[in-house]
Amino acid sequence: MKRATLLAVTLGLFSFTVAQKVATPIEIGVAVAQTSNVALLGQEQVIGARLAEKFFNNQGGINGTPIKLVFQDTGGDEAGAINAFQNLIRDGVVGIVGPTLSQHAFAADPIAERAKVPVLGPSNTAKGIPQIGDFIARVSAPVAVVAPNAVKQALKLDPDIKRVAVLYAQNDAFSVSETGTFQETAKAQKLDVVTVQKFQTTDTDFTTQVTAVLGAKVDLVIISGLAADGGNLVKQLRQLGYKGLIIGGNGLNTSNIFSVCGRDCDGILIAQAYSPQQSGAINQVFVKEYRAQYKKDPPQFAAQAYTGVQVFVEALRKIDRKKKLNTWDLDDLRAELNKAILVGSYRTPLGVISFDKEGELNQKEFYVAQIKMKDARNGSFVFLK
Ligand code: MET
């Protein structure tokens, strides 16, 4: 029965293929968190990747050959990320956009590196990601470049800030990396980091940390964590009486925290590696399409995932122009693709980007946004000057 169905489907596809003259699509893997708490972040990446798939296929894909994104859910842990990468590599994708977290990248990227499959990290911003290997690059600017902007913006809003509390999730590689940058930046700006508090991304009660912060009498709180824990921490800080400015790190950079901290999300400052106002033509198309579907501006994680797919597409087009993709041996194609990615320059929703020889991203434009809540559920990211 199963076999018969499979045969029928295969024949059906075959005749469709012949009739439509559609070539076998080029498969690009996408391994992000579609389930678990991390999906608060991963969902936006799925949307961004899909919009890119649609846009580039409408343009004719790879010089006439469509692309097909193959999704594998990483879930919320390292084992899931490793599993997703292994499945995609075995299925024969040319490259992988993923994973969602740096914590997962440090576990799963070495698998792709050993298999010589190019990876573009769509949101992995911890220090050391491109250095995992020759096949690992990222379209997400590192914390060292992004995070300091938020501290500078806070000082612009309130030049009297002196005392700072820093909190971070100690079980998340990115949060550990980001808090390092935040603490260095605070010191460089002559601020006093009077307390450093740790938590876990799985925590839901932050009474101990909030009590310490309140006792330290600070004017600024800086949080490096992920969406659910970060949102809860903000909420508990406000509920227990903290009135000063709050900077949220990259793991809080999603409107999905609105359902966690509600009105208490109001005022959080978050540095941005993407702006819907970026003036490039492709960004304007992306924004228009996103708005039409979701009735709001696209968020950073969607823009970066879109960019990851775009970079693969443009590098594949270049290779295909020299030698048709369907004539390549898969291993050779993956190696050639990796090289092509690193030498190119790309006009993306993030602006014009390129890579250094290690796979680190060169990007020029950065921003800071402040959350403005309209009511307990709805709000927006307001870009500051
Ligand atoms: N930038 C974070 C990391 O590197 C992830 C933010 S959520 C997509 O882990």
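Computed from a predicted model, the values in this text were never measured in an experiment.

Asker: Any chance you could break down the overall build of the protein for me, citing the residues and the numbers?
Answerer: Tallying secondary structure elements over the protein gives 13 helices and 15 strands in all. In summary, the protein has a C-alpha radius of gyration of 22 Å against a globular reference of 21 Å for 385 residues, a match within 12%. Across its three principal axes, the protein shows a C-alpha extent of roughly 70 × 45 × 40 Å. Residue burial in the protein is summarised as follows: out of 385 residues, 55% are buried. Carbon and sulfur atoms make up 53% of the accessible area of the protein, which amounts to about 16600 Å² in all. Between the centroid of the 42 positive side chains of the protein and the centroid of its 35 negative side chains there is a distance of 5 Å.

Asker: Summarise the pairing of strand E15 (residues 379-383); cite the residues concerned and give the values.
Answerer: Working note: regular strand, side chains alternate between the two faces of the sheet. Bridge analysis of strand E14 (residues 367-373) against E15 gives five bridges, and the strand direction is antiparallel. By the bridge assignment for E15, Gln370 is matched with Val382. Here E14 hands over to E15 after five residues, the two strands then running antiparallel side by side.

Asker: Could you give an account of the confidence of the model for the protein, with specific residues and numbers?
Answerer: Across the protein, the average pLDDT comes to 95, with 94% of residues at 70 or higher. Ignoring residues within four places in sequence, the model shows residues 14-19, a span with pLDDT below 50, making two contacts including any to other chains.

Asker: Can you tell me about the sheet that holds strand E4 (residues 119-121), naming the residues and giving the values?
Answerer: Pairing is parallel in the open sheet, where five strands are placed in the order E2-E1-E3-E4-E5. Each edge of the open sheet carries a strand with a single partner, namely strand E2 (67-73) and strand E5 (136-138). Strand direction decides the pairing type here: strand E1 (residues 26-32) and strand E3 (residues 96-97), joined by two bridges, are parallel. The residue bridging Val30 from the neighbouring strand is Val97, located in E3.

Asker: Describe the domain arrangement of the protein, and please don't skip the residues or the numbers.
Answerer: The parts lose accessible area when they come together, and the size of an interface is often stated as this lost area. For the protein, the assigned domains read domain 1 (24-140 + 279-362) and domain 2 (145-272). Using C-alpha coordinates to define each centre, domain 1 is positioned 30 Å away from domain 2. Counting residues at the interface gives 16 residues for domain 1 and 16 residues for domain 2. Summed over both partners, the interface of domain 1 with domain 2 buries about 1300 Å², with 52% contributed by carbon and sulfur atoms.

Asker: Give a detailed account of the packing of aromatic side chains, specifying residues and quantitative values.
Answerer: One pass over the structure, following the stated rule, counts eleven aromatic pairs. Arranged with centres 5.4 Å apart and planes meeting at 90 degrees, the rings of Phe199 and Phe206 form a pair that is edge-to-face. You'll find Phe199 and Phe206 in the same group, each marked buried. Ring geometry for Tyr346 and Phe355: centres 6.0 Å apart, planes at 70 degrees, overall edge-to-face. With a relative accessible area of 7%, Phe355 lands in the buried category. Put simply, the rings of Phe55, Phe56, Tyr274, Phe286, Tyr290, Tyr294 and Tyr306 pair up and form one aromatic cluster. One cation-aromatic arrangement involves Lys323 over Trp328; the distance from NZ or CZ to the ring centre is 4.6 Å.

Asker: Describe the site of the ligand, with residues and values.
Answerer: Around the ligand sit Leu41, Thr100, Leu101, Ser102, Ser123, Asn124, Thr125, Ala126, Phe174, Asn250 and Phe301, and that is every residue in its neighbourhood. The separation between a nitrogen atom of the ligand and a polar main-chain atom of Ser123 is 2.8 Å. Between Asn250 and the ligand, the recorded distance is 2.6 Å, taken from a side-chain N or O atom to a nitrogen atom. The fraction of the free accessible surface of the ligand (300 Å²) that becomes covered by protein chains is 100%. Here the shell around the ligand is composed, by residue class, of five nonpolar, six polar and no charged.

Asker: Describe the packing of helix H3 (residues 78-91) against helix H4 (residues 102-115), with residues and values.
Answerer: Closest axis-to-axis distance for the H3/H4 pair is 8 Å, and the angle between their directions is 25 degrees. Here H4 runs roughly parallel to H3, going by the angle between their axes. When the axes of H3 and H4 are compared, the crossing they make is right-handed. Contacts between H3 and H4 involve Glu78, Ala81, Ile82, Phe85, Gln86 and Ile89 on the former and, on the latter, Gln103, His104, Ala107, Ala108, Asp109, Ile111, Ala112 and Ala115. Taken together, the residues that form the contact of H3 with H4 break down as nine nonpolar, three polar and two charged.

Asker: Describe the packing of helix H2 (residues 39-58) against helix H12 (residues 300-322), and please don't skip the residues or the numbers.
Answerer: For the pair H2 and H12, the least separation of the axes is 7 Å and the interaxial angle reads 35 degrees. In this structure, H2 meets H12 at a crossing whose hand is right-handed. Here Leu41, Glu44, Gln45, Gly48, Ala49, Leu51, Ala52, Glu53, Phe55 and Phe56 of H2 come into contact with H12, specifically with Phe301, Ala302, Ala305, Tyr306, Val309, Gln310, Val313 and Arg317. Of the residues belonging to the contact of H2 with H12, the class tally is twelve nonpolar, three polar and three charged.

Asker: Tell me about the state of the cysteines, and name the residues and values.
Answerer: The tally for this structure, following the rule as stated, stands at one disulfide. Disulfide partner of Cys261: Cys265, at an S-S distance of 2.1 Å. Across the S-S bond linking Cys261 and Cys265, the dihedral sits near 105 degrees, which makes this disulfide right-handed. Comparing Cys261 with Cys265 shows no difference in burial state: the two are buried.

Conventions we followed
Residues numbered from 1 in each chain as written. Predicted model: local features only at pLDDT ≥ 70, side-chain atom pairs only at ≥ 80, totals over all residues. Heavy atoms only, no water. Helix = DSSP H or I, 4+ residues; strand = E, 2+ residues; numbered from the N terminus. Rg over C-alpha atoms; globule rule 2.2 N^0.38 Å. Buried < 20%, exposed > 50% of the residue type's maximum accessible area, 1.4 Å probe, protein only. Areas by Shrake-Rupley, 256 points an atom, 1.4 Å probe, with all protein chains shown as cover. Lys, Arg positive; Asp, Glu negative; His and termini not counted. Charge placed at Lys NZ, Arg CZ, Asp CG, Glu CD. Pairing = 2+ DSSP bridges. pLDDT = per-residue confidence, 0-100. Contact = heavy atoms within 4.5 Å. Domains from an automatic or database assignment. Buried area = accessible area lost by both parts, 1.4 Å probe. Phe/Tyr/Trp six-rings, centres within 6.5 Å; stacked < 30°, edge-to-face > 60°. Lys NZ or Arg CZ within 6 Å of the ring centre and 35° of its normal. Near = heavy atom within 4 Å. Polar contact = N/O pair within 3.5 Å; in protein donor to acceptor, adjacent residues only side chain to side chain. Nonpolar A, V, L, I, M, F, W, Y, C, P; charged D, E, K, R; others polar. Axes fitted to C-alpha atoms, helices over the stretch in contact; angles between N-to-C directions. Parallel < 35°, antiparallel > 145°, perpendicular 65-115°, else oblique. Left-handed = near helix turned anticlockwise from the far one by under 90°. Disulfide = S-S within 2.5 Å.

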